[in-house]
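Tertiary structure, described
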Amino acid sequence: MKQIIQNLSNGHTVLEDIPIPMVRKGTILIKTHRSLVSLGTEKMLVEFSRSNIIQKAKQQPDKVKQVLDKIKTEGLIPTLEAVFNKLGEPLPLGYCNAGEVIAVGEGVTDFSIGDRVASNGHHAEVVCVPQNLVAKIPDNVSYEEASFAVIGSIGLQGIRLINPTFGETVVVIGLGLIGLLSAELLLANGCNVIGFDYDQRKVDIAGNKGVQSFNANEVDVVKIVDNLTKQIGADAVLITASTKSDEVISQAAQMSRKRGRIILIGVIGLDIKRDDFYKKELSFQVSCSYGPGRYDEVYEQKGIDYPIGYVRWTEKRNLETILQSISKRQLTVQDIITDRVPLQDYLNIYNNLGDNSIAAILEYTPDEVNDARTIAITRKKWSSDTKGIIGIIGAGNFTKMIMMPALKKADAQIKYISSAGGLTASSIAKKYAIAHASTDYHVILDDDEVDLVIVTTRHDLHASMVAEILHSGKHVFVEKPLAINEKDLNLILETYQEINTGLTVNVGFNRRFSPYSQKAKSLIGNAGADLNMIATVNAGFIPKDVWIHDMKTGGGRIIGEACHFIDWMQFIAGSKVSAVMMNGLGIHPEENTDNAIITLRFESGAQGVINYFSNGHKSYPKERMELFSQGKTLVIDNFRKMTGYGFNRFSSMRCGLDKGHANQFKTLIQTIKTSGEPLVSFDDLVNTTKASFAALESLRVRNWIQIRN
């Protein structure tokens, strides 16, 4: 299928061939008939991508600070590589979609195949959208009209924050797409509406709808409002303009009555003068997109609705309201459509975003959609005796930023990469000349040529995929963690014992493959009980609504991330963990805490402490490892350098930032091609996983937990 994407690094807007997405639990698959180009938002993204690196930096000073902090902790070259990799990510454009349902995911009950729906899907021939972001289109509303539902909802949410009453005067500053729709909705609400814009054509359209509209170039906007309200001022001001100037917010305050309301939908300069707001006791609020639920993963991705008795208007209910208002002709959109362009001629819009368009419609030909879930990127083929052919499931940030560069250095033979949406898989496949991109990972399991499957999905999928891959007769490498609960671990144990055919299970515990770790291990030797280990991890803050904190999805950061350091200590000690004790920060730490001190006992008598903290400063190194043994000390500073104390022939080592990813994947590919040995013994992987579970159990019972190996 075809999808419009924006390249942030070179500024190109491209119509890309990608596999159609797979319908997932709680989602709906929609074949697009029409989509609306949001000229304001999309123009901003396109212009940003077309600016040079200096201009991009000036527009995002907060990101520049993050880059500088990263340079301090990880070095210049790794930081620059991460920045350019990020800029190279494809950005899907569009969020105003209308089409027909062609598949319904598990748990969706309100939609059926064939339903006509509007959603926030991208500019793509087929989109997969969560059910709470989809609304049915009334019979008398066309696909073209329905594509305005999301934009209309953005305006409607701003109006709901104003909470206008019948007869109030509301000023709309900026009569672009959202401004025109908002003005008409306010008229339908019984308000007196005054509108301002610098484009006479938009002023005229607003006037034809019944708005008292004026060209801001030709009038004093504050005086106009004063005159029209008999010197009282506007009851409310809705700002839908886009400008860097601070003048708009000042004018909005000056034209408001005492205790008036100002709502911002657009993007403007916000150097607010206190005196403007103080004397009138004005209220100011920024509207968030198209209603309650936006950016809430529980609502949007998990489909859990807010009770209507407590949250009357959610983003879905706002979508439905806009569609009903179009159906009743309270809102008209045909008169603001300035362009209708077939999808293949999309550049007629994107190359002219600065022109006089108001609403541009992309037209699709649904009957001609290529519905393949797997597409060929290259024509590369392998001989029948080629070993070590790889398929990858998952194309997220770790795959893009860390794994693919390491696999490239290892000269990996990759035949497939799959992702649920298809876009990221296609982008990576093209960048690294991978033979196929897919949205259906089963094509990898069904291919007899594939020897190894790499899994980099979200953590809750790891165990079931490991089991499925083993049943398909292939070696598996799964990014940490191996499992996030006992049930998942037992599934892997049962499958591994059942298969018992020499297949290997490997987990992405890369720290043990770092040259610093390898050297430390050789220097410490078999220390036995005379070994103290400390790992201090400045993990960094992650907002609580991110999936890693969800115990059912990510398992929490202790299971999902701290397991790295349990494995590292197991490697250095050459011994399994026998007991675990964990304390969390605070009086009543939660199960998904990411501020904890984990103490480990090993069968050899060695002991280790993992200080896993998220409340430190970003400029402090992320990882510091200390080893004390036999009168000697080793310190690994963020895997950038190592210092020895008390060694006769070793004082320091420095070879740049190296956490072991390259050596790990090089070793993995070599063993798959030759010996078929695992990177780490299966028993050790299970021990590390059990130790991470024991840490959380220890937090609950506040005592040591013994591990049965």
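Overview of the structure. (Residues numbered from 1 in each chain as written. Predicted model: local features only at pLDDT ≥ 70, side-chain atom pairs only at ≥ 80, totals over all residues. Heavy atoms only, no water.)

1. Here's the deal with the environment of Thr-338
Here is the rule we go by: Numbered from the N terminus, helices here are DSSP runs of H or I no shorter than four residues, and strands are runs of E no shorter than two. The buried label applies to any residue whose accessible area, calculated with a 1.4 Å probe on protein chains only, is under 20% of its type's maximum; exposed applies above 50%, and partly exposed to all values in between. Pairs of residues are marked as contacts when any of their non-hydrogen atoms sit within 4.5 Å. Here a polar contact means two N or O atoms within 3.5 Å. Within protein one must be a hydrogen donor candidate and the other an acceptor candidate, and residues neighboring in sequence count only if both atoms are side-chain atoms.
Residue position: Thr-338 is located in strand 15 (residues 337-342). Using a relative accessible area of 30% as the deciding quantity, one classes Thr-338 as partly exposed. Each C-alpha atom, one on Thr-338 and one on Lys-244, is 26 Å from the other, the two residues being 94 residues apart in sequence. The residues touching Thr-338, leaving out its near neighbours within four places in the chain, are Arg-201, Asn-356, Ser-357, Ile-358 and Ala-359. Polar side-chain contacts of Thr-338 include one of 2.9 Å to the backbone nitrogen of Ile-358.

2. As for the pattern of salt bridges
Definition in use: Throughout this description, the term salt bridge denotes a Lys or Arg side-chain nitrogen within 4 Å of a carboxyl oxygen of Asp or Glu.
One pass over the structure, following the stated rule, counts 27 salt bridges. Its salt-bridge partner being Lys-209, residue Glu-184 comes within 2.7 Å of it at the nearest N-O pair. Here the residue Glu-184 occupies a position in helix 7 (residues 177-188), and Lys-209 occupies one in the loop between helix 8 (200-208) and strand 11 (212-215), the gap between them amounting to 25 residues. Here Glu-184 falls in the buried class, since its relative accessible area comes to 9%. Where salt bridges share partners, they join Glu-168, Asp-235, Arg-257 and Arg-261 into one cluster.

3. Concerning the sheet that holds strand 22 (residues 475-478)
Note the threshold: For two strands to be treated as a pair, DSSP must find at least two bridges joining them. Every angle, taken between N-to-C directions, lies between 0 and 180 degrees, and every axis is a line fitted to C-alpha atoms, over only the stretch in contact when it is a helix.
Reading across from one edge, 17-20-19-18-21-22-23 is the order of the 7 strands in this open sheet, with mixed pairing throughout. Every interior strand has two partners, whereas the edge strands, strand 17 (374-376) and strand 23 (505-507), have only one. If you compare each strand with its neighbour and ignore which way they point, the axes differ by 20 degrees on average. Bridging between strand 22 and strand 23 involves 3 bridges; their strand directions are parallel.

4. Some thoughts on the pairing of strand 24 (residues 532-538)
Counting buried residues along strand 24, 5 of its 7 residues qualify, which places the element largely inside the surrounding structure. Note that strand 24 and strand 27 (residues 607-613) share 7 bridges and pair parallel. Directly across from Asn-532, in strand 27, lies its bridge partner Gln-607. Pairing analysis gives 6 bridges linking strand 24 to strand 28 (residues 623-629), with the strands arranged antiparallel. Bridging from a neighbouring strand, Met-533 pairs with Leu-627 of strand 28.

5. Considerations on the sheet that holds strand 1 (residues 2-7)
Read across the open sheet, the 3 strands follow the order 2-1-4; overall the sheet is antiparallel. The sheet terminates laterally at strand 2 (13-17) and strand 4 (90-92), the two strands that pair on one side only. Taken pair by pair, the neighbouring strands of this sheet meet at an average axis angle of 50 degrees, ignoring direction. In this sheet, strand 4 lies alongside strand 1 in antiparallel orientation, the contact comprising 3 bridges. What sits directly across from Ile-5, in strand 4, is Pro-92.

6. Focus: the packing of aromatic side chains
Just so we agree on the cut-off: Aromatic rings from Phe, Tyr and Trp, with only the six-membered ring used for Trp, were paired whenever their centres fell within 6.5 Å, and each pair was classed as stacked if the ring planes differed by under 30 degrees, edge-to-face if by over 60, and tilted otherwise. For a lysine, the NZ atom is tested; for an arginine, the CZ atom; a charge sits over a ring if that atom is within 6 Å of the ring centre and within 35 degrees of the ring normal.
Summed over all chains, the structure comprises 7 aromatic pairs. With a centroid separation of 6.4 Å and 75 degrees between ring planes, the pair formed by Phe-277 and Phe-284 is classed as edge-to-face. Taking relative accessible area as the criterion, Phe-277 reaches 13% and is therefore assigned buried. Taking the relative accessible area as the measure of exposure, Phe-284 reaches 28% and is therefore partly exposed. Note on Phe-647 and Phe-650: the rings are 6.2 Å apart at their centroids and 90 degrees apart in plane angle, and the pair reads as edge-to-face. What makes Phe-650 buried here is its relative accessible area of 10%. The positively charged end of Arg-312 is found above the aromatic ring belonging to Trp-313, 4.0 Å away from the centroid.

7. What to know about helix 6 (residues 149-162)
An α-helix turns once every 3.6 residues. As a result, residues three or four positions apart point the same way. As a reminder, the rule being used: The span one expects for a helix is its residue count, reduced by one, times 1.5 Å.
For helix 6, with 14 residues, the first-to-last C-alpha span of 20 Å sits near the 20 Å given by 1.5 Å per residue. By the criterion of burial, helix 6 is predominantly enclosed, with 12 of the 14 residues buried. Looking at helix 6, one finds that the buried residues are Ala-149, Val-150, Ile-151, Gly-152, Ser-153, Ile-154, Gly-155, Leu-156, Gln-157, Gly-158, Ile-159 and Ile-162. Once helix 6 finishes, Asn-163 follows within two positions and takes phi at roughly 55 degrees, a positive value.

8. Here we look at the environment of Ala-206
Along the chain, Ala-206 turns up in helix 8. Judged by its relative accessible area of 1%, Ala-206 falls in the buried class. Here the alpha-carbon distance between Ala-206 and Ile-194, two residues 12 residues apart in the chain, equals 9.3 Å. Once you skip the residues sitting within four places of it in the chain, Ala-206 turns out to touch Leu-175, Leu-180, Val-211 and Ser-213.

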